[in-house]
There are 2 protein chains.
Amino acid sequence: MTTVLIVDDEPQILRALQINLHAHGYTVVLAVNGTAALAAAQTQAIDVVVLDLGLPDMDGLEVIAGLRGWSEVPIIVLSARHGSHDKVEALDAGADDYVTKPFGLDELLARLRAATRRAGPQSAEPLVETAEFTVDLANRLVLRGGEAVRMTPTEWSLLELLVRNPGRLVSQQQLLSEVWGPAYAKETHYLRVYMGQLRRKLEADPANPAHLLTEAGMGYRFVP
Amino acid sequence: MTTVLIVDDEPQILRALQINLHAHGYTVVLAVNGTAALAAAQTQAIDVVVLDLGLPDMDGLEVIAGLRGWSEVPIIVLSARHGSHDKVEALDAGADDYVTKPFGLDELLARLRAATRRAGPQSAEPLVETAEFTVDLANRLVLRGGEAVRMTPTEWSLLELLVRNPGRLVSQQQLLSEVWGPAYAKETHYLRVYMGQLRRKLEADPANPAHLLTEAGMGYRFVP
DNA sequence: CCAGCGCGTTAAGAACGCGTAAAAACGGGC
DNA sequence: GCCCGTTTTTACGCGTTCTTAACGCGCTGG
């Protein structure tokens, strides 16, 4: 889920963007001035910023500079000014893109996609953490107390499937058919053997698991 | 030094951009059509592409798609069309920015700076170091104790792929299909032979590798 | 109360993957 | 056509992983 911070002082624009972006699957965070924008960016995880340069409390360039002081989040600038001087200043201050009003919503959406596509690959780090261990999906790594835990292919495959469905119950059939193949959907004792190995490697008390739980007769559940 | 590939079919624009960008410190490579552009991008190191959509031999979108097939180089599109549909198509095809003609040179320069600023930090790190050896990606050089280590093409290709994904597990299939080609995705014994050669050349104790690790049944991992 | 079921644990043989070395095939330069 | 470096095969020993089986435990329903 991508989170967009929209910074604008005109309520109707704010509202229009909120509705439209939300309708396209974005999580929307609003700010009506520069101060609120900087505060919002520091307190929650923002994936991309849409910034109107005309703000009541501070210059839009200051907002860009304030963000760039600690963050590399993509910034798309909206402005009514067509002058190339304004564009140059905003871009050199650290903005990623500059759109002049009036603009089409589909164009803004396309530029949002372009911005998040660039930043996406590096920021999209699927890290799943528990009190006991950490699973790094991207690097195929399991850490426990700073040490890497060695996993066999089957163990990893099983763990990955559970961890990718945090909190959700995964049925025995699904586990078996995705890890061993559809033909093995009835060999439930494989699960017992491998769940035991996972628990011995990852749980503090393998006999009383805290994260890799058994749902008798149904399947298994991973809780972070 | 930043290298710009300019793709345009109008000689006077090509010439004007060449002179101006060169005056601002860029190395300029020119292409008058899509075929030449793709060829140029493959034979030399390009940092950013400036692409006019109106080309004689192929659609500009095809050029974008062709580049995006293997490269993540920033692409700035120039176009006379103001329609938002054209913008959306180009951006979704993989372009990073879209500038409509007529445009100011200073605006283009600012957008060039913004594009290279984003890409710069990650591509400007062609040195990967370990306690044992150093890999210079830019110069295709491997140093060990101040001495250059001779690498065959296959060895280098394999090493480069691993080193470009530090800490990450790279699957056997990915290694085989990127180094030898998709048809070799099952010839896992190639990997054993060449990983052995790399370890003999780079590791202090080839039998107990510290940086080129094997994850049985899954793939290999480089750790710095 | 006990039989049946599902779960967890352990152990051992079979099967597979890995590392190594060395030979054979290939290909480009002279 | 020959030589030399590189790539592709081949073979074998060894360690790891998978599979299978056996056993004990707790819960449930008859």
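A brief look at the structure comes next.

Cut-offs and rules
- Residues numbered from 1 in each chain as written.
- Chains lettered and ligands numbered in written order.
- Predicted model: local features only at pLDDT ≥ 70, side-chain atom pairs only at ≥ 80, totals over all residues.
- Heavy atoms only, no water.
- Phe/Tyr/Trp six-rings, centres within 6.5 Å; stacked < 30°, edge-to-face > 60°.
- Helix = DSSP H or I, 4+ residues; strand = E, 2+ residues; numbered from the N terminus.
- Buried < 20%, exposed > 50% of the residue type's maximum accessible area, 1.4 Å probe, protein only.
- Contact = heavy atoms within 4.5 Å.
- Buried area = accessible area lost by both parts, 1.4 Å probe.
- Salt bridge = Lys/Arg side-chain N within 4 Å of Asp/Glu carboxyl O.
- Polar contact = N/O pair within 3.5 Å; in protein donor to acceptor, adjacent residues only side chain to side chain.
- Nonpolar A, V, L, I, M, F, W, Y, C, P; charged D, E, K, R; others polar.
- Pairing = 2+ DSSP bridges.
- Axes fitted to C-alpha atoms, helices over the stretch in contact; angles between N-to-C directions.
- Near = heavy atom within 4 Å.

## So, the packing of aromatic side chains
Residues and elements named next belong to chain A. All told, the structure shown has eight aromatic pairs over all chains when counted by the stated rule. Judged by centre distance (5.5 Å) and plane angle (65°), the rings of Trp180 and Tyr194 are edge-to-face. On the criterion of sequence distance, the pair formed by Trp180 in the loop between helix H7 (172-179) and helix H8 (188-202) and Tyr194 in helix H8 is long-range, its members being 14 residues apart. Residue class for Trp180 comes out buried when judged on its relative accessible area of 19%. Each member of the aromatic cluster is reached from another via a ring pair, and the members are Trp180, Tyr184, Tyr190 and Tyr194.

## Re the interface of chain A and chain B
Counting residues at the interface gives 27 residues for chain A and 28 residues for chain B. For the pair chain A and chain B, the summed buried area comes to about 2500 Å², and 43% of that belongs to carbon and sulfur atoms. Linking chain A to chain B there are eight salt bridges. Between Asp92 of chain B and Arg113 of chain A there is a salt bridge, with the nearest N and O atoms lying 2.6 Å from each other. Inspection of the region where chain A meets chain B yields 21 residue pairs in polar contact (both at pLDDT 80 or more). For the side of chain A that touches chain B, the element with the highest residue contribution is helix H5 (residues 105-123) of chain A, accounting for nine residues. Its residues placed into classes, the side of chain A that touches chain B shows eleven nonpolar, four polar and twelve charged.

## Topic: the sheet that holds strand E2 (residues 27-31) of chain A
Residue and element names in this part refer to chain A. If you trace the five strands from one edge of the open sheet to the other, you get E2-E1-E3-E4-E5, paired in parallel fashion. Strands at the two margins of the open sheet, each flanked by one partner only, are E2 and strand E5 (97-100). Along the sheet, successive strands turn relative to each other by an average axial angle of 20°, direction set aside. Here five bridges tie strand E1 (residues 3-7) to E2, and the two strands are oriented parallel to one another. Across the sheet, the residue bridging to Leu5 is Val29, located in E2. Those strands touched by helix H1 (residues 11-23) are E1, E2 and strand E4 (75-79), and its axis lies near 165° from that of E2. Sheet strands in contact with helix H4 (residues 84-93) are E4 and E5, and its direction is about 150° off that of E5.

## Things to note about the protein's contact with DNA strand C
If you check the shell around DNA strand C, you find 16 residues, and the closest are Arg199, Thr214 and Gly217 of chain A together with Arg199 and Thr214 of chain B. The share of sugar and phosphate among atoms of DNA strand C within 4 Å of the protein is 62%. Within the side chain of Thr214 of chain A, an N or O atom sits 2.6 Å from a phosphate oxygen of DNA strand C. Of all the elements, H8 of chain A adds the most residues to the surface near DNA strand C, at four residues. Its residues assigned to classes, the surface near DNA strand C comprises five nonpolar, seven polar and four charged.

## Considerations on the environment of Val99 of chain B
Residue and element names in this part refer to chain B. Mapped onto the secondary structure, Val99 falls in strand E5 (residues 97-100). Linking Val99 and Leu78, residues 21 residues apart in sequence, is a C-alpha distance of 5.0 Å. The contact partners of Val99, leaving out residues within four places of it in the chain, are Ile76, Val77, Leu78, Ser79, Glu107 and Arg111.

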